[in-house]
Amino acid sequence: MASHKDERPPGQQAEGPAEGLPPDERLGMDIKRAEQALIAAKQLAVRPAGLTVPQYAALFALADNPGISGAALARTCLVTPQAMTVVLKNLEERGLVERSPHPWHRNVLETRLTEAGRAALATADARAVRIERALADEFTPEERAQLRKLLERCGVAIGRAAAGL
């Protein structure tokens, strides 16, 4: 079996994706792993209610914001308006939400939960809250507050770096 000898002069670093910041100092993958674990767990939790995580998020937000527009709901759920349009179309087709023109702004549709939507949300949330409780139970109240502050700082730093690209 042939070996590949490094032909670079001593002291010359290999070029590649880790150049400039070693892999063990990068936080992005750690954040992504935690996010993926949360989404996978929530998907398992809401599946018996016949929902996806984005549908659950929309129903959850609608419960506290009846009559909200699709664009405002998209902002609340941290998705694009186009993605929310698809989610709402599916929820409306299944009879979980109803949409009607705003009384004063006819081009704005108000969205509200139906009784079936409230029932699906209750079923999904009863299971999803177990994920949230398990996560919260891993930390003291002080640690949860600190984690929120650290995650907020992550978001600010990422935004600042992205603005400089």
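Up top is the structure these notes are about.
Now for a look at the structure at hand.

Scoring rules and cut-offs
Note on numbering: residues in each chain are counted from 1, in written sequence order. For a predicted model such as this one, the threshold for reporting local features is a pLDDT of at least 70, and the threshold for listing and counting side-chain atom pairs is 80 or more; totals across whole chains, interfaces and linings nevertheless cover every residue. Working from all heavy atoms in the structure, the side-chain values ignore hydrogens and water. Working definition: helices are DSSP H or I runs of at least four residues, strands are E runs of at least two. Numbering for both runs from the N terminus. Only protein chains enter the area calculation, which uses a 1.4 Å probe; residues under 20% of their type maximum are buried, those over 50% are exposed, and those in between are partly exposed. By definition in these notes, contact holds between two residues if any of their heavy atoms fall within 4.5 Å. For every accessible area listed, the method is Shrake-Rupley and the probe measures 1.4 Å; residues are considered covered only by the protein chains on display. Residues belong to one nonpolar core when they are buried, are Ala, Val, Leu, Ile, Met, Phe, Trp, Tyr or Cys, and are joined through side-chain atoms within 4.5 Å.

1. Considering the overall build of the chain
When its secondary structure is counted, the chain shows six helices and two strands. Traced from its N-terminal end to its C-terminal end, the chain shows the element sequence α-α-α-α-β-β-α-α. Within the chain, buried positions represent 22% of all 165 residues. Here the analysis covers contacts within the chain between residues at least 6 apart in sequence; of these, 49% occur between residues at least 24 apart. Total accessible area on the chain is roughly 12,100 Å²; 58% of this is exposed by carbon and sulfur atoms.

2. Focus on the side chain of K42
As for its position among the elements, K42 is in helix α1 (residues 28-46). Using a relative accessible area of 12% as the deciding quantity, one classes K42 as buried. Filtering out sequence-adjacent residues up to four positions away, K42 remains in contact with V53, A128, I131 and E132.

3. A few points about unusual backbone geometry
Here L78, not a glycine, exhibits a phi torsion of approximately 60°, which is positive. As for its placement among the helices and strands, L78 is situated in the loop between α3 (70-77) and α4 (81-93).

4. Regarding the environment of L62
Within the secondary structure layout, L62 lies in helix α2 (residues 53-64). Note: C-alpha distance between L62 and R118 (56 residues apart in sequence) is 9.6 Å.

5. As for the nonpolar core
Grouped together as the largest cluster of nonpolar side chains are 26 residues, with contacts concentrated most on V46, L51, Y56, L59, L73, M84 and L91. Element by element, the count of residues in this core is highest for α2, at six residues. Excluding residues within four positions of it along the chain, Y56 makes contact with V46, L51, L121, A124, D125 and A128.

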